[in-house]
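Inside the fold
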Amino acid sequence: MSLSISLTLNGEARRVLLDDPRVTLLDLLRENLDLTGTKKGCDRGQCGACTVLVDERRINACLALAASCDGAEVLTIEGLAEGDRLHPVQAAFIAHDGFQCGFCTPGQIMSAVGLIAEGQAGDDPERVREGMSGNLCRCGAYAGIAAAVLEARRKLAEGEKDQAA
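Attention here is on the structure that accompanies the text. (Residues numbered from 1 in each chain as written. Predicted model: local features only at pLDDT ≥ 70, side-chain atom pairs only at ≥ 80, totals over all residues. Heavy atoms only, no water.)

1. Notes on the overall build of the protein chain
Looking only at helices and strands, one finds five helices and five strands in the protein chain. Start at the N end of the protein chain and walk to the C end: the helices and strands fall as β-β-α-β-β-β-α-α-α-α. A compact globule built from 165 residues would reach a C-alpha radius of gyration of about 15 Å, and the protein chain, at 16 Å, matches this within 12%. Principal-axis analysis of the C-alpha atoms gives the protein chain an extent of 50 × 40 × 25 Å. A total accessible area of about 9,000 Å² is found for the protein chain, and carbon and sulfur atoms account for 47% of it. Treating the 17 positive side-chain charges of the protein chain as one cloud and the 24 negative ones as another, the clouds have centres 4 Å apart. (Helix = DSSP H or I, 4+ residues; strand = E, 2+ residues; numbered from the N terminus. Rg over C-alpha atoms; globule rule 2.2 N^0.38 Å. Areas by Shrake-Rupley, 256 points an atom, 1.4 Å probe, with all protein chains shown as cover. Lys, Arg positive; Asp, Glu negative; His and termini not counted. Charge placed at Lys NZ, Arg CZ, Asp CG, Glu CD.)

Right, dumping it as structure tokens:
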């Protein structure tokens with residue numbers, strides 16, 4: 001049984017035919033749409049490596065059926081930068097060494113973008129760690145990740161003030 005869904009993927013309207021209505025959003029992204037930045041870690045919603053934004057909310061793509069995203073706006077790590085200009089969270093991760101092996105980095109970055117957009121980052125590293133506790137880093141780059149999120153939050157807030165003026 002095949003099923004057709006429509007979604008906005010990284011700003012582009014897409015119509016996708018699902019051969020199996022049980023396919024997860026993660027498998028659709030990686031195996032059908034060749035967007036391999038979203039990683040398959042545990043495949044059980046425990047590590048956060050597959051974090052993407054769906055309608056501006058953080059989700060574990062391994063737990064979401066692709067069919068449930070019909071009509072949704074999906075943002076993956078591939079759609080975050082604007083051309084050659086990195087998103088402030090991406091730039092901050094580089095500046096603060098917020099990664100080591102890099103496997104968890106796409107999910108960490110997407111979670112950080114969502115955390116900041118939700119207004120939950122605050123100015124305290126402990127609050128950031130709590131807000132991103134669903135994203136695991138086996139290398140232990142948590143200090144750099146927290147510093148990157150705090151810097152990106154400040155820069156994004158400054159940008160909003162500049163646009164309002």
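2. What about the pairing of strand S2 (residues 12-18)?
Sheet topology note: the strand S1 (residues 3-9)/S2 ladder contains seven bridges and is antiparallel. Across the sheet, Thr-8 pairs through a bridge with Ala-13, a residue of S2. Between S1 and S2, which pair antiparallel and follow one another directly, the connecting turn spans two residues, one of which, Asn-10, has a positive phi of 55 degrees. (Pairing = 2+ DSSP bridges.)

3. A word on the pairing of strand S4 (residues 57-60)
Two faces belong to every sheet, and in a regular strand the side chains alternate between them. Pairing of strand S3 (residues 51-54) with S4 involves four bridges; the strand directions are antiparallel. Bridge pairing links Val-52 to Ile-59 in S4. Between S3 and S4, which pair antiparallel and follow one another directly, the connecting turn spans two residues, one of which, Asp-55, has a positive phi of 50 degrees.

4. Looking at the nonpolar core
Among the nonpolar cores identified, the biggest contains 24 residues, and Val-89, Phe-93, Ile-109, Val-128, Met-132, Ile-145 and Val-149 are the most heavily contacted of them. Counting residues per element, the ones that place at least two in this core are helix H2 (88-95), helix H3 (105-117) and helix H5 (142-164). Once residues lying within four places of it in the same chain are set aside, the contact partners of Ile-145 are Phe-93, Gly-98, Gln-108, Met-132 and Cys-137. (Core = buried A, V, L, I, M, F, W, Y, C linked by side-chain atoms within 4.5 Å. Buried < 20%, exposed > 50% of the residue type's maximum accessible area, 1.4 Å probe, protein only. Contact = heavy atoms within 4.5 Å.)

5. Some details on helix H1 (residues 25-32)
When we look at burial in H1, the residues that qualify are Leu-25, Leu-26, Asp-27, Leu-28 and Leu-29. Each element contacted by the buried residues of H1 is listed here: S1, S2, S3, S4 and strand S5 (73-75). Asp-34, located one to two residues past H1, shows a positive phi value of around 55 degrees.

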